[in-house]
Amino acid sequence: MRRALMLWCAVTVLATAVVTGCGDGGDGAGDASGQTRQATGVRTPALTWRQEVRVSDALQRLTSRCMGRQGFTYQEERELTLQESRPVRFVQDDLAWARTYGYGSRIEAKSARLRERNINGTYRQDLPATRRALFDQALDGGNGARMLTAPMPGGAEIRKRIGGCTEEAERTLYGDPAEWFRTSKTALSANSLYAGRLMKDPQLTTAVQAWSACMREAGEPYPDPQAAQDGVRAAAVRRGAARAEESFADERRTAVADAGCARRANLRAVATTREKYYLDRLPDRYVSDIDTYRRLGRQAYDRAVRIVPERD
């Protein structure tokens, strides 16, 4: 149960920018001085996964245009369709998607092939050394670029090099790349402050148990959705490439049962509601950063719709 929820959290964060519980933390009821926070909680809605994909595409488009002005080629990566870009989360309750894609194993394989091809990396590597250095400088400022820093809730610090076309693209969409970087890292790691309680939340665990009972009735005896996904993947590995079609048929069957049981158990609504309960009780400084992060994300989306169309 713990591992399943942690993976659900991680995937949700990456795909939809929703902050979710992915680790152990304190009780989230007060700030560093122990004072109880008085704010009303996170008020800005998170972007949907569709909106996140469009922002990502806009960043690529802006970067490509900028690199072109610098005399370099930078290809946008839009090989996945919109539906193929949909994240697979712990709660997967879209029956139509499950019937077509299962848990997305073939999409993952397609993505892996695209990463291996790495068109921009190959283009850079084929440049002469002097041009390669100029490419790096144009893209992100090169070795002389300034460094952004972002403190993490646990006390660690994340750094990022910023400059060149990367900075220009982020500035066009988000306004201040430094504020975006800082608040995004805070938002995407603040879940560590409440995940321990979220994973033990009675309403959530009850909903997962209802899902599991439904799956047993369907002939899919799994304790939670992540176990179902893991079981499907493990079976495919055991069968090997020669039985890929059989594995994919089983994957879709299990995914459809999973989606149906998630709907029957109302699992998504319960998980979302309980996450928000704990999220809204974080210390004020985290709530403020999360609101800023979401506000900048929505600003980026409003600008992105004028830059790129939605994927087909």
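Since the model is a prediction, treat every value here as computed from it, not as a measurement.

Asks: Sorry if this is basic, but what is going on with the packing of helix H2 (residues 49-69) against helix H7 (residues 164-174) here?
Replies: Angle between the axes and distance between the axes are the two parameters that describe a pair of packed helices. With their axes 9 Å apart at the nearest point, H2 and H7 run at an angle of 135° to one another. It follows from the interaxial angle that H2 and H7 lie oblique. The crossing of H2 and H7 is right-handed. Between H2 and H7, the residues in contact are Val55, Ala58, Leu59, Leu62, Thr63, Cys66, Met67 and Arg69 and Cys165, Glu168, Ala169, Glu170, Thr172, Leu173 and Tyr174, respectively. Taken together, the residues of the contact of H2 with H7 break down into 10 nonpolar, two polar and three charged.

Asks: Explain the state of the cysteines to me, please; I cannot follow it from the model alone.
Replies: What is meant by a disulfide is a covalent connection between two cysteines, made through their sulfur atoms. The tally for this structure, following the rule as stated, stands at two disulfides. Linked covalently through their sulfurs, cysteine 66 and cysteine 165 form a disulfide whose S-S length is 2.1 Å. Given an S-S torsion of about -75°, the disulfide between cysteine 66 and cysteine 165 has left-handed geometry. Note that cysteine 66 is positioned in helix H2 and cysteine 165 in helix H7, a separation of 99 residues in sequence. Overall, the relative accessible area of 1% leaves cysteine 165 in the buried class. A sulfur-sulfur separation of 2.1 Å characterises the disulfide bridge that pairs cysteine 214 with cysteine 261.

Asks: I'm lost on the environment of threonine 63 in this one. Help?
Replies: For threonine 63, the location among the structural elements is in helix H2. Classification of threonine 63 as buried rests on a relative accessible area of 8%. The spatial distance from the C-alpha of threonine 63 to the C-alpha of tyrosine 74 is 7.5 Å, given a sequence separation of 11 residues. Among all residues touching threonine 63, those that are not within four sequence positions of it are Tyr74, Leu139, Cys165 and Ala169.

Asks: How do you make sense of the pairing of strand E1 (residues 146-151) when you look at a structure like this?
Replies: Remember that side chains alternate between the two faces of the sheet whenever the strand is regular. Pairing analysis gives six bridges linking E1 to strand E2 (residues 157-162), with the strands arranged antiparallel. Note on E2: the bridge partner recorded for alanine 150 is isoleucine 158. Here E1 hands over to E2 after five residues, with glycine 155 in that stretch at a positive phi of 105°.

Asks: What should I look at first to understand the packing of helix H10 (residues 202-217) against helix H13 (residues 267-279) in this one?
Replies: Their axes nearest at 9 Å, the elements H10 and H13 cross at an angle of 165°. Between H10 and H13, the interaxial angle falls into the category roughly antiparallel. H13 is crossed by H10, and the crossing has left-handed handedness. Residue-level contacts link Gln203, Leu204, Ala207, Val208 and Trp211 of H10 to Leu267, Val270, Ala271 and Arg274 of H13.

Asks: Looking at this structure, how should I read the pattern of salt bridges?
Replies: The full count for this structure, using the stated rule, is 27 salt bridges. Measuring nitrogen to oxygen at the nearest pair gives 3.2 Å for the salt bridge that ties glutamate 108 to arginine 233. Taken as a pair, glutamate 108 in helix H4 (residues 105-117) and arginine 233 in helix H11 (residues 225-239) lie far apart in primary sequence, 125 residues in all. By relative accessible area, which is 40% here, glutamate 108 ends up partly exposed. One network of salt bridges, with partners in common, ties together Glu220, Arg239, Arg243, Glu246, Asp250 and Arg253.

Asks: Even after reading the chapter, I still don't get the environment of alanine 150, so can you show me in this structure?
Replies: For alanine 150, the location among the structural elements is in strand E1. Residue alanine 150 is classed as buried on the basis of its relative accessible area, which comes to 0%. Separated by 33 residues in sequence, alanine 150 and threonine 183 place their C-alpha atoms 7.9 Å apart. Setting aside chain neighbours within four positions, we find alanine 150 in contact with Ala156, Glu157, Ile158, Phe181, Arg182 and Lys185.

Asks: Explain the environment of aspartate 201 here, please?
Replies: Among the secondary structure elements, aspartate 201 is positioned in the loop between helix H9 (195-200) and H10. The exposure class of aspartate 201 is buried, given its relative accessible area of 2%. Other than its neighbours up to four places away in sequence, aspartate 201 contacts Arg274 and Tyr278. In this structure the side chain of aspartate 201 is engaged in a polar contact, spanning 2.7 Å, whose partner is the side chain of tyrosine 278.

Rules used in this analysis
- Residues numbered from 1 in each chain as written.
- Predicted model: local features only at pLDDT ≥ 70, side-chain atom pairs only at ≥ 80, totals over all residues.
- Heavy atoms only, no water.
- Axes fitted to C-alpha atoms, helices over the stretch in contact; angles between N-to-C directions.
- Helix = DSSP H or I, 4+ residues; strand = E, 2+ residues; numbered from the N terminus.
- Parallel < 35°, antiparallel > 145°, perpendicular 65-115°, else oblique.
- Left-handed = near helix turned anticlockwise from the far one by under 90°.
- Contact = heavy atoms within 4.5 Å.
- Nonpolar A, V, L, I, M, F, W, Y, C, P; charged D, E, K, R; others polar.
- Disulfide = S-S within 2.5 Å.
- Buried < 20%, exposed > 50% of the residue type's maximum accessible area, 1.4 Å probe, protein only.
- Pairing = 2+ DSSP bridges.
- Salt bridge = Lys/Arg side-chain N within 4 Å of Asp/Glu carboxyl O.
- Polar contact = N/O pair within 3.5 Å; in protein donor to acceptor, adjacent residues only side chain to side chain.

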